[in-house]
Number of protein chains: 2
Amino acid sequence: MEILNIGEAAQASGVSAKMIRHYEAIGLLPRAQRSNANYRIYGPQDVHNLRFIHRARSLGFRLEDIRELLALWRNRQRSSAQVKKLALAHVAELEEKIAAMQEMAEALKHLAQHCHGDDRPDCPILEQLAD
Amino acid sequence: MEILNIGEAAQASGVSAKMIRHYEAIGLLPRAQRSNANYRIYGPQDVHNLRFIHRARSLGFRLEDIRELLALWRNRQRSSAQVKKLALAHVAELEEKIAAMQEMAEALKHLAQHCHGDDRPDCPILEQLAD
DNA sequence: CTTGACCTTCCCATGATGGGAAGGAACATA
DNA sequence: TATGTTCCTTCCCATCATGGGAAGGTCAAG
């Protein structure tokens, strides 16, 4: 298990083969080495990169953020402040979206509570939408 | 203010002119009446429909859900149970997304708390991503 | 009659992901 | 070795809601 093709690298990293090709296409990953038959081949370091991306995605980072995170990761001269700033900006975005969705959910739950949910047509949910 | 062109209807409803055309194109709205010059023209009922859509979007409903909500709204034979079901399904989706984003935010905040955020390169955020 | 603000249609972009086609390559088993 | 299965390659298209912008027609006010 030293040299992997794209399917094996996908298995090993949790990133789909489709996405590995995509990340390469947009320059998030360097162009992979190729076998004689033009298959992409991946070594341990490549898989490490892929895992990094996978974890960052699972924390909700956008690909452009991940591009920066990868650069910081590779750069031994980075300051932890740069990383922290990126992370906290992302947290702020998440919290903004969470708050917006919570407002929606609360409003809808409130309306639904007052909806009989039976055979009759009267419904405060529609009434609210129609105003 | 009885007969409006698309820009005025947009103003009056909160839905952009661009989106009004789009909703018509995908059949969410009936084809608008046209003036001699082929301009779309909107009456009070059309604006009412647009406001309905605008409010539903602001509660996070997807357009396909709104298509159903509009049908229920128009249908005097509807049961409030149908509306409530749609609404609660949407609440469930929202809450699922909220929970996922909260997990991300919590994980990141935890990592950021342990990141010095100074000039030094050491950073638990990157360490976690690199594992 | 010109000018500026509006309208029309049409095409393209976003962001991350996947589906699927057409054709070549690798490999396992009969 | 022949054949079949599974993998790879590239390329195009779809999602979802929204907007940007071009090219050209229309309208109202000065």
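Per an unreviewed UniProt entry, chain A goes by the name MerR family transcriptional regulator and belongs to Dongia mobilis.

Turning to the interface of chain B and chain A, a few remarks are in order. Between chain B and chain A, the contact holds 50 residues from the first and 50 residues from the second. For the pair chain B and chain A, the summed buried surface comes to about 4,300 Å²; carbon and sulfur atoms form 73% of the total. If you look at where chain B meets chain A, you find four salt bridges. The partner of Asp131(A) in a salt bridge is Arg55(B), with the nearest N and O atoms 3.6 Å apart. Run the count over chain B and chain A and you get 20 residue pairs in polar contact (both at pLDDT 80 or more). Listing elements by their share of the side of chain B that touches chain A, those giving two or more residues are helix H3 (44-58), helix H4 (63-74), helix H5 (80-113) and helix H6 (124-130) of chain B.

A few words now on the relation of the copies chain B and chain A. Both copies of the chain are related by one operation, a rotation about an axis with a shift along it. Rotating chain B by 180° about the axis while translating it 0.0 Å along that axis superimposes it on chain A, leaving an RMSD of 0.1 Å. On this basis, the relationship between the two copies can be described by a two-fold rotation axis. In terms of proximity to the rotation axis, the leading residue of chain B is Ile98(B), whose C-alpha is 2.8 Å off the axis. The residues that chain B uses at the interface reappear at the interface of chain A in 100% of cases, marking a shared surface.

A word on the protein's contact with DNA strand C. Around DNA strand C there are 18 residues in total, and Lys18(A), Tyr23(A), Leu63(A), Gly7(B) and Arg21(B) lie nearest to it. Protein-proximal atoms of DNA strand C, defined as those within 4 Å of the protein, fall in sugar or phosphate at a share of 71%. One of the backbone nitrogen or oxygen atoms of Leu63(A) is found 2.8 Å away from a phosphate oxygen of DNA strand C. Between DNA strand C and Arg40(B) there is a distance of 2.9 Å, counted from a phosphate oxygen to a backbone nitrogen or oxygen. Mapped by element, the contributors of at least two residues to the surface near DNA strand C are helix H2 (17-25) of chain A together with helix H1 (6-13) of chain B. Top contributing element to the surface near DNA strand C by residue count: H2(A), with four residues. Within the surface near DNA strand C, the residues separate by chemical class into seven nonpolar, five polar and six charged.

In terms of domain boundaries, chain A breaks down into domain 1 (1-61) and domain 2 (79-131). The straight-line distance from the C-alpha centre of domain 1 of chain A to that of domain 2 of chain A is 36 Å.

How each quantity is defined
- Residues numbered from 1 in each chain as written.
- Chains lettered and ligands numbered in written order.
- Predicted model: local features only at pLDDT ≥ 70, side-chain atom pairs only at ≥ 80, totals over all residues.
- Heavy atoms only, no water.
- Contact = heavy atoms within 4.5 Å.
- Buried area = accessible area lost by both parts, 1.4 Å probe.
- Salt bridge = Lys/Arg side-chain N within 4 Å of Asp/Glu carboxyl O.
- Polar contact = N/O pair within 3.5 Å; in protein donor to acceptor, adjacent residues only side chain to side chain.
- Helix = DSSP H or I, 4+ residues; strand = E, 2+ residues; numbered from the N terminus.
- Least-squares fit on C-alpha atoms with pLDDT ≥ 70 in both.
- Near = heavy atom within 4 Å.
- Nonpolar A, V, L, I, M, F, W, Y, C, P; charged D, E, K, R; others polar.
- Domains from an automatic or database assignment.

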